[in-house]
Amino acid sequence: MKLKKTLLGAALVLASTLTLTSCGQKNDADNNNSNAASGESAKGSVYYLNFKPEVEEVWNKIAKTYTDETGVPVKVVTAASGTYESTLKAEITKKDAPTLFQINGPIGYQNWKDYTKDLKDSELYKHLIDKELAVKDGDGVFGIPYVVEGYGIIYNDAILQKYIGLDGAKIKSVDEINNFEKLKEVAEDMQAKKKDLGIDGAFACTSLKPGEDWRWQTHLANLPIYYEYKDNKVKDMDEVKFKYAENFKNIFDLYIKNSTVEANALTGKAVTDSMAEFALEKAAFVQNGNWAWSQISEVNGNKVKEENIKFLPIYTGVKGEEKQGICIGTENFFSINSKASEEDQKATEEFLTWLFTSEKGKEFVTKDLGFISPFDTFEEKDQPSDPLAKEVVKYMSDEDLYNIDWNFTSFPSQAFKDFFGQALGQYASGEMKWDEVKDAFVNTWKDEKAAVEK
C-alpha cells in the first residue's frame, strides 16, 4: 500500500475548492439523510461490529445521533478485546448479520472475501485521497481505510535540548539526526551521560514479554520488509531473504544496549513499562505510534509536556535514509457485507458517507474517535489536535521525504510474528545468535505462507 506524500498536501491544496464543494457535499449528505428519513432512500438498517472496546461509547453515540437525524436504525455491537475474528465468524452467518465490519488488510480480505461488497463506485471511495491504500482485488475495491496512523521513534525534546547544552554533545540541533549513524552516535553519548541528563537510559525498555512484543516483531520488522518489497517491486512475497536483517539488527541492538535496564531483563517487560519510563522522563526515546500520547499523558506523574513530544524516523542504516520519514499507513478497513439485503447495504453506505462528509459526522471522527482521516473532505482544521497526531500530519505533508508503508498487513500470520518475537527475546537474553534469528524469520515466513495457501 503506497501512501503518497501528497496525502495531506493534496487535502490542503484542495482546501479552497473544498470550501465550495463541501457545501455541495453537506447538502448532498443532508439530502441523503432527508431522503432516508422520508423512506425514499435506504429502508434498511445498519449493524456495525466494532473492533475496539475503548471506543464503544463513542460509536453508540454516533449511532444514536444518526438514527435521530435520519430515522435509520444503527446497531453497534463491540467484540471483546482480542476476539474480533471469532466474533465476526459467529455473527456473519446469522440472519441479522453485521452489515459493516472491519478487515485488517489483504490477509484479512482473503478470510472474508466471500462477504465483502465491491465499493469502487461508493461515495466514500471517491473521497479517498490515496486510492492505493484501499484493499483491492482486480478492479474491485473491497476494503476502504478509514484512519491513518504513524509510528516512529518518539522523543522528548526537553531532554534532547538538555543534552545539546552539554559539553561535547554530538549535535547542535535535533535536525542533524537524519540517519542511523548519527542516531547511534547521539544515543550512545546520551547513555554515557545519563547521570548528567537525569535519565536511566537513552531508550525506554524494549518490551519483549510474550504478547507485548508487537512493536518489534511487527512494527520494527515492517522496515526491512518494506525495503525488500521495494527492491522486488512487489507488495507481498511467499518467500523472503530477510535481505535487510543487518539493518534490523542495527536499530534493535541500539535499543537494547542503550536502555533503562539490562538486555537480559527485557523479556519480562511490557509496553506499559516502557511508556511509563518515557512519561516519567527516565528515557529520552521510545518507539511507538501516535496512539501513544494518551498512554503517556495518562501516566500518574507524567512529566512530558505536550510541546516536547516529537517523532524521529526509525533509521536503520539503509542507503538514502536521510530522505526517510516515519511509518504511516493503516490496518483498519471498512467492508460492507455483500450478503446483506440491498436495502441494508445502501443504508450502510449512506451511514459511512454521512460520517465522513457531514460536519457533525466529521466532528465525531476527529474529536471523539481521534482519527487522522484519509478522505479529502477533511481540511487541516478537521485533523486531531494531540501532539503526535500533528507530527504524523507534518510527515505526511513533507514532500521532501518518503514515508514507510505499512507492509506488515501482508505478514504470513500471527504465529509467524509470535515466533519471531520469541526469537528476538532469546537473542536479547543471549540465548540465540543473530544468524539463528535470521534463519528463523526466513523459514517461518515460508512455512506460514505455505500454510495459508493450503
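In this text the structure is predicted, and so the values were computed from the model without any measurement. (Residues numbered from 1 in each chain as written. Predicted model: local features only at pLDDT ≥ 70, side-chain atom pairs only at ≥ 80, totals over all residues. Heavy atoms only, no water.)

Peer 1: Explanation requested: the overall build of the protein chain in the structure shown.
Peer 2: Scanning the protein chain for helices and strands turns up 19 helices and twelve strands. Whereas a compact globule of 454 residues would reach a radius of gyration of roughly 22 Å, the protein chain reaches 23 Å, a difference of no more than 12%. Once the C-alpha set of the protein chain is aligned to its principal axes, its extents read approximately 70 × 50 × 40 Å. For the protein chain, buried positions account for 56% of its 454 residues. Sequence separation of 24 or more characterises 74% of the internal contacts of the protein chain that already satisfy a separation of 6 or more. Here the protein chain displays about 19,600 Å² of accessible surface, and carbon together with sulfur accounts for 46% of that area. (Helix = DSSP H or I, 4+ residues; strand = E, 2+ residues; numbered from the N terminus. Rg over C-alpha atoms; globule rule 2.2 N^0.38 Å. Buried < 20%, exposed > 50% of the residue type's maximum accessible area, 1.4 Å probe, protein only. Contact = heavy atoms within 4.5 Å. Areas by Shrake-Rupley, 256 points an atom, 1.4 Å probe, with all protein chains shown as cover.)

Peer 1: Where do I start with the pattern of salt bridges in this structure?
Peer 2: One pass over the structure, following the stated rule, counts 18 salt bridges. Measuring nitrogen to oxygen at the nearest pair gives 2.9 Å for the salt bridge that ties Lys 184 to Glu 188. Highlighted residues: Lys 184 and Glu 188, both in helix H8 (residues 180–192), separated by four residues, approximately one helical turn. The partly exposed category is assigned to Lys 184, whose relative accessible area is 33%. (Salt bridge = Lys/Arg side-chain N within 4 Å of Asp/Glu carboxyl O.)

Peer 1: What is the right way to look at the pairing of strand E11 (residues 333–336) in this model?
Peer 2: Within a regular strand, side chains alternate between the sheet's two faces. Neither face of E11 is open: one carries Phe 333 and Ser 335, the other Phe 334 and Ile 336, and all of them are buried. Two strands pair when backbone bridges link them, and strand E3 (residues 100–103) and E11 are joined in this way by four bridges, in the antiparallel orientation. Bridging across to E11, Leu 100 finds its partner in Ile 336. (Pairing = 2+ DSSP bridges.)

Peer 1: Can you help me understand the packing of aromatic side chains in this one?
Peer 2: Within this structure, the stated rule accounts for 37 aromatic pairs. Arranged with centres 5.7 Å apart and planes meeting at 80°, the rings of Tyr 48 and Phe 334 form a pair that is edge-to-face. Note that Tyr 48 is positioned in strand E1 (residues 46–50) and Phe 334 in strand E11, a separation of 286 residues in sequence. Taking the relative accessible area as the measure of exposure, Tyr 48 reaches 1% and is therefore buried. Where Phe 242 meets Phe 420, the ring centres are 6.2 Å apart and the plane angle is 80°; that geometry is what we call edge-to-face. (Phe/Tyr/Trp six-rings, centres within 6.5 Å; stacked < 30°, edge-to-face > 60°.)

Peer 1: Help me out: how do you make sense of the side chain of Ser 207 in this one?
Peer 2: Take Ser 207: it is sitting in the loop between strand E7 (201–203) and helix H10 (214–220). In this structure, Ser 207 is in contact with Glu 212, Asp 213, Arg 215, Trp 216, Leu 266, Lys 269, Ala 270 and Val 271, ignoring residues within four places of it in sequence.

The analysis is restricted to geometry; functional conclusions fall outside its scope.
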